Amino acid sequence: MEEDFKPGEPVIEVRDLYKSFGDLHVLQGVNLTVTKGENMVVLGRSGTGKSVLIKIMVGLLKQDRGDCIVLGQEVSKLEGNDLRDLRLKIGFSFQNSALYDSMTVRENLEFPLVRNIPNLTRAEIDEQVEYVLDAVGLLQTINQVPAELSGGQRKRIGIARTLILKPEIMLYDEPTAGLDPITCLEINELINEVKEKYQTTSIIITHDLTCARETGDRIAMLLDGKFLKTGTFEEVFDTDEERIKSFYDYNFIQ
Amino acid sequence: MSANKKQFVYGKNLDNALLAVYDAYVFFIRFFREVFRGRMEFQEIVRQCYAIGNRSLLLISLTGFITGMVFTKQSRPSLSEFGATSWLPSLVAIAIVRALAPLVTALISAGKIGSSIGAELGSMRVTEQIDAMEVSAVNPFKFLVVTRVVACTIAIPVLMFYCSLVSLLGAFLNVTLNEGTSFIAFFENAFEQITFLDIWTSVAKAIAYGFTIGIVGSYQGYNASKGTEGVGKAANSAVVTSMFLIFIEEVIIVQVSNYFRI
Ligand SMILES: Nc1ncnc2c1ncn2[C@@H]1O[C@H](COP(=O)(O)OP(=O)(O)OP(=O)(O)O)[C@@H](O)[C@H]1O
Ligand SMILES: [Mg+2]
């Protein structure tokens, strides 16, 4: 399914999405459209279902009802090779990095590459691994294992591991959580660089308003299982809604 | 939404038990569906075989040697009552090859290898490494489960042969110290009574045990629940479940082989 998306065309469309775990109703009618080339930031408190939402987008979880259409295909209906092909176009950076801890950084990066693009020569593999490592600024860690890396380095290796497949869509799950302000700035820059270099469409999940302002073209605020407000940073926070204001105040007083 | 409320058919516990059995069955079938499909991860299988040997060799050497020696020592009094201590090597060899070596190997492997597969895959599940493979369009079942199960099915029979050998050496040590039998005489006597059926039965046992240890450990780890607690639970139930199944298989295989032994 090769479809060329023009700028401004919707790449991810979520309509009236519901997801519960037993009695816990996490998503209750989520609507979201992300257009090509855009960085969409999803804000929301812990446990509001931000991770669940992007996991539905890659088919790790299935919604109870509603549509989740990525690159023109309903994700929950895809199976086998179709799902594989879609996942190849999506980079998913996990909240806790999820690096393979029995492998070195080099092996972590080679792992998806050699299994998805067969018949690469050793030189081509090395070149691509080094290219993405260089893009995230961590070439010197190539022979280290994840246990030897800092939290920020892991996050960046995690991002590099998804970039190696040249995704069209990047989903970042809290890329700056738990990092110091300077590392946060570096990650923000990295996200913007990725957007330019790889022409990606991205969803960035975060609690961090600085990150939201630096990286987001638009911002969506998830509250009680729904997007309360979507728009630019100024539009979202220029409001009288109590909960949005308290989110803002809390963040900048911290 | 009240549609989400669970309806139980036979009551909560029985329902959950049946669902667990069904789950395990699906996992088992999935193994056979995926083992011959797509690219085989030979390198990973070799690595796993090596890891299995590495983890259990020392313990198996020690236990096997002691089992052989102690078993010989314990059997001597009853044979010497009939003045038949010269039968000791063949008696011990039969016991070791038919029963002791497969069982010792299986129990040690269940403890050492089964638990580590459970813990390893469990922690990969909990830290989302398995999900990470899935979203990078790599089949984690093929890479993690199939390789481990195949490696166990290959490596545990090899370990069993090794264990038999070491046990026989333990027995030899005891016999030569007491009766002064030579190495060659001992082994000639030992293998006199061992038939092809004995060896094939043991190989069948070891293959079954190896497969069981691999698939049970993988199943528990792969389906570990979230949280660090899930890892411990996976490791623990990997050992308990596979030991339980091994004893059941032991009974069945011995029954079947006795049917051929006329
Ligand atoms: N696989 C699952 N099974 C059961 N419950 C789950 C599962 N995944 C998520 N949940 C529940 O759904 C809720 C939302 O989880 P989610 O991880 O999406 O939160 P989040 O918005 O990403 O929070 P955080 O900012 O802390 O990461 C949580 O209460 C969580 O317990
Ligand atoms: Mg989350």
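Note that the structure is predicted; figures quoted are calculated from it, not measured.

(A) Broad picture of the environment of A:Ala212. All names here are of chain A. Residue position: alanine 212 is located in helix α7 (residues 209-215). Taking the C-alpha atoms as reference, alanine 212 lies 21 Å from methionine 57; in sequence the two are 155 residues apart. Residue contacts for alanine 212: discarding those within four places in its chain leaves Val41, Leu43, Thr206, Ile219 and Phe233.

(B) Broad picture of the environment of B:Leu59. Residue and element names in this part refer to chain B. Examined against the element boundaries, leucine 59 turns out to sit in helix α2 (residues 42-81). A relative accessible area of 36% places leucine 59 in the partly exposed class. Put simply, leucine 59 and serine 109 are 50 residues apart on the chain and 9.5 Å apart in space, counted from C-alpha to C-alpha. Apart from residues lying up to four places away in sequence, leucine 59 is in contact with Ile108 and Lys112.

(C) Just the confidence of the model for chain B, in detail. The predicted model of chain B averages 91 in pLDDT, with 97% of residues at 70 or higher. Here the complex is predicted with pTM 0.89, and the ipTM for its interfaces comes to 0.89.

(D) Highlighting the layout of surface pockets. Of the volumes computed, that of the largest pocket is approximately 1,500 Å³. Lining the largest pocket we find 41 residues, and of these A:Arg87, B:Arg30, B:Glu134, B:Asn139 and B:Pro140 sit closest to its centre. Among the secondary structure elements, those contributing two or more residues to the lining of the largest pocket are α2 (80-88) and α3 (105-116) of chain A together with α1 (12-35), α4 (129-135), α5 (140-179) and α7 (196-222) of chain B. The element best represented in the lining of the largest pocket is α1(B), accounting for 7 residues. Its residues assigned to classes, the lining of the largest pocket comprises 15 nonpolar, 8 polar and 18 charged. When its volume is computed, the second largest pocket comes out at roughly 540 Å³. As for the second largest pocket, its lining consists of 23 residues, and the residues nearest its centre are A:Glu107, A:Arg115, B:Gln43, B:Glu44 and B:Phe143. Broken down by secondary-structure element, the contributors of at least two residues to the lining of the second largest pocket are α3 and α4 (122-135) of chain A together with α2, α3 (88-126) and α5 of chain B. Looking at the lining of the second largest pocket residue by residue, the classes come out as 9 nonpolar, 3 polar and 11 charged.

Cut-offs used in this document
- Residues numbered from 1 in each chain as written.
- Chains lettered and ligands numbered in written order.
- Predicted model: local features only at pLDDT ≥ 70, side-chain atom pairs only at ≥ 80, totals over all residues.
- Heavy atoms only, no water.
- Helix = DSSP H or I, 4+ residues; strand = E, 2+ residues; numbered from the N terminus.
- Contact = heavy atoms within 4.5 Å.
- Buried < 20%, exposed > 50% of the residue type's maximum accessible area, 1.4 Å probe, protein only.
- pLDDT = per-residue confidence, 0-100.
- 1 Å grid on protein atoms, 1.4 Å probe; cavity = no way out; pocket = protein on both sides within 12 Å on 5 of 7 lines; lining within 4 Å.
- Points joined across faces, edges and corners; volume = space filled by probe spheres on them.
- Nonpolar A, V, L, I, M, F, W, Y, C, P; charged D, E, K, R; others polar.

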